[in-house]
Amino acid sequence: MTTEKFEIEINTLKKFFELYCKDKHDDQIEKEIILKYKDKEFMLNLSLCPTCYDSINYSFERLKQCQHEIKPRCRTCPTPCYEKIRWKNAAKVMKYSAIKLSLSKVKKRIKSIFS
Ligand SMILES: [Zn+2]
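Residues numbered from 1 in each chain as written. Predicted model: local features only at pLDDT ≥ 70, side-chain atom pairs only at ≥ 80, totals over all residues. Heavy atoms only, no water.

Looking now at the environment of P50. Tracing the sequence through the fold places P50 in helix 2 (residues 50-65). C-alpha separation for the pair P50 and D27, spaced 23 residues apart in sequence, amounts to 7.8 Å. (Helix = DSSP H or I, 4+ residues; strand = E, 2+ residues; numbered from the N terminus.)

In most cases, non-glycine residues show a negative phi, while peptide bonds are predominantly trans. Positive phi is not limited to glycine here, since K38 has a value of about 50°. Position of K38 relative to the elements: it lies in the loop between strand 1 (29-37) and strand 2 (40-48). The exposure class assigned to K38 is exposed, which follows from its relative accessible area of 53%. (Buried < 20%, exposed > 50% of the residue type's maximum accessible area, 1.4 Å probe, protein only.)

Each protein donor to the zinc ion is listed here as C21 (SG), H25 (ND1), C49 (SG) and C52 (SG); together their distances run 1.9 to 2.3 Å. One can describe the donor arrangement at the zinc ion as tetrahedral, given that its 4 donor atoms subtend angles of 104 to 121° at the metal. Sequence spacing among the residues donating to the zinc ion works out to C-x3-H-x23-C-x2-C. Residue C21 is found in helix 1 (residues 3-24), and its partner C52 is found in helix 2; the two are separated by 31 residues along the sequence. (Donors = N, O, S within 2.8 Å, 3.2 Å for Na, K, Ca; no water. Tetrahedral: all angles 85-135°; square planar, octahedral: opposite > 155°, others 65-115°.)

Glancing now at the pattern of salt bridges. Enumeration over the complete set of coordinates arrives at 8 salt bridges. Measuring nitrogen to oxygen at the nearest pair gives 3.1 Å for the salt bridge that ties K5 to E9. Separated by 4 residues within a single helix, K5 and E9 lie in helix 1, roughly one turn from each other. Close ionic contact of D23 with K100 constitutes a salt bridge, the shortest N to O distance being 2.5 Å. Remark: K100 occurs in helix 3 (residues 84-114) and D23 occurs in helix 1; sequence separation between them is 77 residues. Relative accessible area serves as the criterion here: at 35%, D23 is assigned to the partly exposed category. Residue classification places K100 among the partly exposed positions, given a relative accessible area of 32%. (Salt bridge = Lys/Arg side-chain N within 4 Å of Asp/Glu carboxyl O.)

Given below as structure tokens:
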């Protein structure tokens, strides 16, 4: 994948994991990490508990190793690379945050209509 796509992917992971972690756990630590991909470096500020930090790092590693030039959605990938248990956990986080984000968008839209 392109470095632009990689940057979008890592920021999506960050957003979703932080949202989930903030709601579910309470021992978040601020960390600044640097991810290298192709010839670029990306700096990210993460605020996650140790467990989520470990999970997101695993996801970043998988993303770096992704062999697809045009990355498919992991769910429909012909060559899935996650260990099963890791996949289940990541899927849970993504699903939770996706629902939460879409709900807050709907709420905002309703507010903007009625206020
Ligand atoms: Zn957490």
